[in-house]
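Inside the fold
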Amino acid sequence: MRHLERDTIAEEAVLIWLPEMTQPALNALAHGAHRRLARDGALRWAASPFALTPDTVPNGALEAIRALEARSGEAETRLGASSPRVLGAALMRMKPKAYQDRARLLGGLRLWPRGRFFVDGEDTYPQLIADRVAA
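Presented here is an overview of the structure given in this document. (Residues numbered from 1 in each chain as written. Predicted model: local features only at pLDDT ≥ 70, side-chain atom pairs only at ≥ 80, totals over all residues. Heavy atoms only, no water.)

Some details on the pattern of salt bridges
- One pass over the structure, following the stated rule, counts seven salt bridges.
- Note that D7 is salt-bridged to R85, the shortest N-O span being 3.7 Å. A residue pair is termed long-range when its members are at least 10 positions apart, and D7 in the segment before helix 1 (9-12) and R85 in helix 5 (residues 84-93) qualify at 78 residues.
- Note that E69 is salt-bridged to R114, the shortest N-O span being 2.9 Å. Placement of the pair is E69 in helix 3 (residues 60-69) and R114 in the loop between strand 2 (109-113) and strand 3 (118-119), with a sequence separation of 45 residues.
- With a relative accessible area of 21%, E69 lands in the partly exposed category.
- You can call R114 partly exposed: its relative accessible area is 24%. (Salt bridge = Lys/Arg side-chain N within 4 Å of Asp/Glu carboxyl O. Helix = DSSP H or I, 4+ residues; strand = E, 2+ residues; numbered from the N terminus. Buried < 20%, exposed > 50% of the residue type's maximum accessible area, 1.4 Å probe, protein only.)

Pasting the structure below:
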């Protein structure tokens with residue numbers, strides 16, 4: 001589970017504005033795209049898991065990932081930030097009445113998984129995806 005206060009949340013996820021899709025649907029889309037890239041050998045676990053090398057051919061899953069991550073610009077425009085930690089801190093400081101209205105205020109905001117998940121300082125996501133691809 002991705003908690004907004006995790007030390008590594010900025011590496012694991014980014015806020016995007018995507019009111020036309022639910023968070024569970026977005027999670028399923030991300031998982032499917034990550035599995036496809038891993039299956040095709042196109043998933044790179046370097047500085048960015050979606051880094052392209054000069055010899056990389058266009059890939060639909062990678063293009064979808066990049067298009068969705070680009071929606072972080074709209075989240076930043078609307079909220080002043082695309083950082084999950086900033087949102088978590090703001091939610092903690094909200095007055096009770098505003099907090100009760102958070103669904104309306106933040107209705108189109110989604111948490112886009114970046115293809116990383118850290119446990120005790122180690123990125124375990126590549127192994128999670130590899131296990132799913134092999135299954």
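Comments concerning the nonpolar core
- V14, I16, L18, L26, A30, A33, L37, A61, L62, I65, L68 and W112 form the largest nonpolar core, which has twelve residues in total.
- Core analysis: the second largest hydrophobic core is formed by ten residues, W17, L106, L109 and L111 among them. (Core = buried A, V, L, I, M, F, W, Y, C linked by side-chain atoms within 4.5 Å.)

Regarding the pairing of strand 1 (residues 13-17)
- For strand 1, the tally of buried residues reaches five of five residues, placing the bulk of the element in the interior.
- Pairing between strand 1 and strand 2: five bridges, direction antiparallel. Each residue of the ladder has a partner; that of L15, found in strand 2, is L111. (Pairing = 2+ DSSP bridges.)

Some details on the environment of A89
- When you line up the elements, A89 lands in helix 5.
- Residue A89 is classed as partly exposed on the basis of its relative accessible area, which comes to 32%.

Notes on helix 3
- Residues of helix 3 that are buried: A61, L62, I65 and L68. When helix 3 is viewed along its axis, its buried side chains cluster within an angular range of 130° and face the same direction.
- Next to the buried residues of helix 3 lie strand 1, helix 2 (23-39), helix 4 (72-79) and strand 2. (Arc of directions from axis to C-beta. Contact = heavy atoms within 4.5 Å.)

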